Amino acid sequence: MTLAEFPEIEVVIVNEIGGLPAAIASATKPWLLLVDPCRGYGPAHLKAMTDAVAKFDDVDLLVGQRQRAVPGWLRLLDVGKRAASRVLLGAAPAPRTAWLGGRGALRRFLYRQGFGVRLPDLESGLILAKRSVFAQLALQARGPFVWTEILAKANHLGKMIAEVPIADPGGEGSGSTFRDAVSVFRTPTFHWPPRQFS
(Lines give C-alpha, C1' and ligand atoms only; values in the text may rest on other atoms or scores of the structure.)
Protein backbone atom coordinates (compact mmCIF):
# COMPACT_ATOMS: atom_id res chain seq x y z
CA MET A 1 0.00 0.00 0.00
CA THR A 2 1.49 3.36 -0.99
CA LEU A 3 0.43 7.00 -0.76
CA ALA A 4 -0.03 8.34 -4.29
CA GLU A 5 0.94 11.92 -3.38
CA PHE A 6 4.13 10.71 -1.64
CA PRO A 7 5.74 8.24 -4.04
CA GLU A 8 8.85 7.88 -1.85
CA ILE A 9 6.85 6.56 1.15
CA GLU A 10 5.58 3.01 1.51
CA VAL A 11 2.91 2.22 4.12
CA VAL A 12 3.40 -0.97 6.13
CA ILE A 13 0.31 -2.04 8.08
CA VAL A 14 1.64 -3.97 11.06
CA ASN A 15 -1.06 -6.64 11.48
CA GLU A 16 1.33 -9.42 12.41
CA ILE A 17 4.30 -8.25 14.49
CA GLY A 18 6.22 -11.43 13.67
CA GLY A 19 5.89 -10.64 9.96
CA LEU A 20 7.31 -7.14 10.30
CA PRO A 21 10.91 -8.03 9.34
CA ALA A 22 9.68 -9.73 6.16
CA ALA A 23 7.44 -6.76 5.29
CA ILE A 24 10.37 -4.38 5.77
CA ALA A 25 12.67 -6.58 3.69
CA SER A 26 10.19 -6.61 0.80
CA ALA A 27 9.69 -2.82 0.84
CA THR A 28 11.14 -0.86 -2.08
CA LYS A 29 10.56 2.81 -1.17
CA PRO A 30 13.20 4.90 0.66
CA TRP A 31 10.77 5.76 3.52
CA LEU A 32 8.55 3.34 5.47
CA LEU A 33 5.45 4.39 7.40
CA LEU A 34 4.71 1.71 10.01
CA VAL A 35 1.09 1.81 11.20
CA ASP A 36 -0.64 -0.13 14.00
CA PRO A 37 -4.17 -0.74 12.63
CA CYS A 38 -5.57 -1.27 16.15
CA ARG A 39 -4.98 2.40 17.00
CA GLY A 40 -7.50 3.69 14.47
CA TYR A 41 -5.22 5.98 12.46
CA GLY A 42 -6.72 7.55 9.37
CA PRO A 43 -5.61 9.58 6.34
CA ALA A 44 -5.23 12.80 8.39
CA HIS A 45 -2.71 11.11 10.71
CA LEU A 46 -0.73 9.70 7.80
CA LYS A 47 -0.74 13.12 6.11
CA ALA A 48 0.60 14.77 9.29
CA MET A 49 3.48 12.30 9.33
CA THR A 50 4.33 12.65 5.65
CA ASP A 51 4.12 16.47 5.79
CA ALA A 52 6.65 16.45 8.63
CA VAL A 53 9.33 14.90 6.41
CA ALA A 54 9.85 18.26 4.68
CA LYS A 55 10.27 20.07 8.02
CA PHE A 56 13.18 17.96 9.27
CA ASP A 57 16.39 17.76 7.24
CA ASP A 58 18.56 15.14 8.90
CA VAL A 59 15.97 13.06 10.71
CA ASP A 60 16.02 9.27 10.43
CA LEU A 61 12.77 8.47 12.25
CA LEU A 62 9.58 10.43 12.92
CA VAL A 63 7.32 9.23 15.71
CA GLY A 64 3.67 10.17 16.11
CA GLN A 65 2.97 11.68 19.51
CA ARG A 66 -0.69 11.32 20.45
CA GLN A 67 -2.16 14.51 21.90
CA ARG A 68 -4.65 14.24 24.76
CA ALA A 69 -5.67 16.94 27.21
CA VAL A 70 -3.62 17.11 30.41
CA PRO A 71 -5.89 17.00 33.49
CA GLY A 72 -5.82 20.02 35.83
CA TRP A 73 -4.39 18.11 38.80
CA LEU A 74 -1.47 16.93 36.69
CA ARG A 75 -0.80 20.44 35.37
CA LEU A 76 -0.56 21.63 39.00
CA LEU A 77 1.90 18.85 39.84
CA ASP A 78 3.94 19.78 36.77
CA VAL A 79 4.10 23.43 37.86
CA GLY A 80 5.54 22.32 41.21
CA LYS A 81 7.98 19.93 39.52
CA ARG A 82 9.15 22.61 37.09
CA ALA A 83 9.60 25.16 39.91
CA ALA A 84 11.60 22.68 42.01
CA SER A 85 13.74 21.74 39.02
CA ARG A 86 14.40 25.41 38.25
CA VAL A 87 15.50 26.10 41.85
CA LEU A 88 17.46 22.89 42.48
CA LEU A 89 18.88 22.14 39.03
CA GLY A 90 18.82 25.51 37.31
CA ALA A 91 16.69 24.24 34.44
CA ALA A 92 13.03 23.33 34.13
CA PRO A 93 11.75 20.45 32.01
CA ALA A 94 9.47 21.22 29.09
CA PRO A 95 5.78 21.37 29.99
CA ARG A 96 3.77 18.21 29.47
CA THR A 97 1.80 18.36 26.22
CA ALA A 98 -0.26 15.20 26.58
CA TRP A 99 -1.43 12.68 29.16
CA LEU A 100 -2.02 9.18 27.85
CA GLY A 101 -3.77 8.04 31.01
CA GLY A 102 -2.75 6.04 34.03
CA ARG A 103 -2.97 2.68 32.27
CA GLY A 104 0.57 1.82 31.22
CA ALA A 105 2.08 5.03 32.68
CA LEU A 106 4.60 3.13 34.83
CA ARG A 107 5.59 0.92 31.90
CA ARG A 108 6.12 3.95 29.62
CA PHE A 109 8.12 5.71 32.36
CA LEU A 110 10.38 2.68 32.88
CA TYR A 111 10.94 2.29 29.14
CA ARG A 112 11.90 5.97 28.79
CA GLN A 113 14.31 5.81 31.73
CA GLY A 114 15.70 2.35 31.01
CA PHE A 115 16.33 2.80 27.30
CA GLY A 116 17.24 6.50 27.35
CA VAL A 117 14.64 7.42 24.73
CA ARG A 118 13.21 10.71 25.95
CA LEU A 119 9.98 10.52 23.97
CA PRO A 120 6.70 10.67 25.88
CA ASP A 121 4.85 8.28 23.56
CA LEU A 122 6.99 5.28 22.69
CA GLU A 123 3.96 3.11 21.94
CA SER A 124 2.03 5.33 19.54
CA GLY A 125 2.14 2.71 16.78
CA LEU A 126 2.98 5.28 14.10
CA ILE A 127 6.59 5.53 12.90
CA LEU A 128 7.92 7.03 9.67
CA ALA A 129 11.51 5.95 9.10
CA LYS A 130 14.12 5.69 6.40
CA ARG A 131 14.29 2.16 5.06
CA SER A 132 18.08 2.27 5.52
CA VAL A 133 17.56 2.46 9.30
CA PHE A 134 16.03 -1.02 9.34
CA ALA A 135 19.01 -2.45 7.46
CA GLN A 136 20.98 -1.87 10.68
CA LEU A 137 18.33 -2.93 13.22
CA ALA A 138 17.86 -6.49 14.39
CA LEU A 139 14.19 -6.66 15.41
CA GLN A 140 13.68 -9.40 17.96
CA ALA A 141 10.28 -8.64 19.52
CA ARG A 142 7.38 -10.78 18.42
CA GLY A 143 4.78 -8.71 20.24
CA PRO A 144 3.72 -5.10 20.76
CA PHE A 145 7.06 -4.23 22.38
CA VAL A 146 8.44 -3.94 18.82
CA TRP A 147 7.40 -0.23 18.70
CA THR A 148 9.58 0.55 21.71
CA GLU A 149 12.34 -1.77 20.48
CA ILE A 150 12.60 0.10 17.15
CA LEU A 151 13.04 3.44 18.92
CA ALA A 152 15.38 2.13 21.63
CA LYS A 153 17.73 0.44 19.17
CA ALA A 154 17.65 3.33 16.70
CA ASN A 155 18.51 5.68 19.58
CA HIS A 156 21.37 3.36 20.61
CA LEU A 157 22.74 3.50 17.06
CA GLY A 158 22.69 7.32 17.12
CA LYS A 159 19.80 7.82 14.71
CA MET A 160 18.04 11.19 14.75
CA ILE A 161 14.48 10.84 16.08
CA ALA A 162 11.83 13.58 16.02
CA GLU A 163 8.24 13.76 17.25
CA VAL A 164 5.18 14.77 15.25
CA PRO A 165 2.12 15.86 17.27
CA ILE A 166 -0.98 14.05 16.02
CA ALA A 167 -4.59 13.97 17.16
CA ASP A 168 -5.30 10.96 19.35
CA PRO A 169 -7.48 8.56 17.33
CA GLY A 170 -8.72 6.97 20.55
CA GLY A 171 -8.01 3.41 19.47
CA GLU A 172 -6.24 1.16 21.93
CA GLY A 173 -3.40 -1.03 20.76
CA SER A 174 -2.51 -4.13 22.68
CA GLY A 175 0.12 -2.28 24.72
CA SER A 176 3.68 -3.36 25.25
CA THR A 177 4.39 -6.02 27.83
CA PHE A 178 7.30 -6.51 30.21
CA ARG A 179 7.47 -10.19 29.24
CA ASP A 180 8.05 -9.21 25.61
CA ALA A 181 10.73 -6.70 26.67
CA VAL A 182 12.51 -9.23 28.87
CA SER A 183 12.56 -11.82 26.07
CA VAL A 184 14.25 -9.30 23.75
CA PHE A 185 16.84 -8.07 26.21
CA ARG A 186 17.88 -11.45 27.56
CA THR A 187 20.13 -11.71 24.52
CA PRO A 188 19.99 -8.30 22.85
CA THR A 189 21.18 -7.81 19.29
CA PHE A 190 21.50 -4.12 18.48
CA HIS A 191 23.10 -4.31 15.04
CA TRP A 192 22.20 -6.18 11.90
CA PRO A 193 24.10 -8.13 10.85
CA PRO A 194 25.23 -9.01 14.38
CA ARG A 195 28.76 -7.85 15.11
CA GLN A 196 31.37 -10.36 16.11
CA PHE A 197 33.30 -9.34 19.23
CA SER A 198 36.49 -11.08 20.23
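Residues numbered from 1 in each chain as written. Predicted model: local features only at pLDDT ≥ 70, side-chain atom pairs only at ≥ 80, totals over all residues. Heavy atoms only, no water.

Considerations on the pattern of salt bridges
Tallied over the entire structure, the rule returns 5 salt bridges. The salt bridge partner of D60 is K130, with a shortest N-O separation of 3.7 Å. Within this pair, whereas D60 is found in the loop between α2 (43-52) and β3 (61-67), its partner K130 is found in strand β4 (residues 126-130), the two being separated by 70 residues in sequence. What makes D60 buried here is its relative accessible area of 15%. (Salt bridge = Lys/Arg side-chain N within 4 Å of Asp/Glu carboxyl O. Helix = DSSP H or I, 4+ residues; strand = E, 2+ residues; numbered from the N terminus. Buried < 20%, exposed > 50% of the residue type's maximum accessible area, 1.4 Å probe, protein only.)

Some thoughts on the environment of A25
Position of A25 among the secondary structure elements: in helix α1 (residues 20-26). Taking the C-alpha atoms as reference points, A25 and R131, 106 residues apart in sequence, are found 9.0 Å from one another.

Here's the deal with the packing of aromatic side chains
Scanning the model with the defined rule gives 1 aromatic pair in all. With 5.3 Å between their ring centres and 65 degrees between their planes, Y111 and F145 make a pair best called edge-to-face. With Y111 in helix α4 (residues 105-115) and F145 in the loop between α5 (131-134) and α6 (146-156), the pair connects residues that are 34 residues apart, well separated along the chain. A relative accessible area of 3% places Y111 in the buried class. (Phe/Tyr/Trp six-rings, centres within 6.5 Å; stacked < 30°, edge-to-face > 60°.)

Describing the sheet that holds β4
Read across the sheet, 5 strands follow the order β1-β2-β4-β3-β5 without closing on themselves; strand pairing throughout is mixed. Each end of this open sheet is capped by a strand with a single partner; those strands are β1 (9-13) and β5 (161-167). Mean inter-strand twist for the sheet, computed between neighbouring axes without regard to direction, equals 25 degrees. As paired elements, β1 and strand β2 (residues 31-35) share 5 bridges and run parallel to each other. For V12, the partnering residue across the bridge sits in β2 and is L34. (Pairing = 2+ DSSP bridges. Axes fitted to C-alpha atoms, helices over the stretch in contact; angles between N-to-C directions.)

Overview of a nonpolar patch on the surface
On the surface, V87, L88 and L89 cluster together to form a nonpolar patch covering roughly 400 Å² of accessible area. If you trace the backbone, L88 turns up in helix α3 (residues 72-89). (Patch = residues over 30% accessible without salt bridge, like charges linked within 9 Å, V, L, I, M, F, W, Y side chains within 5 Å. Areas by Shrake-Rupley, 256 points an atom, 1.4 Å probe, with all protein chains shown as cover.)

Focus on the pairing of β4
Within β4, 4 of the 5 residues are buried, which leaves it mostly tucked inside the rest of the structure. Alignment of β2 against β4, held across 5 bridges, turns out to be antiparallel. Residue pairing for β4: V35 is matched across the bridge by L126. Relative to β4, β3 is paired through 3 bridges, and the arrangement is antiparallel. When the sheet's bridge partners are listed, V63 is paired in β4 with I127.

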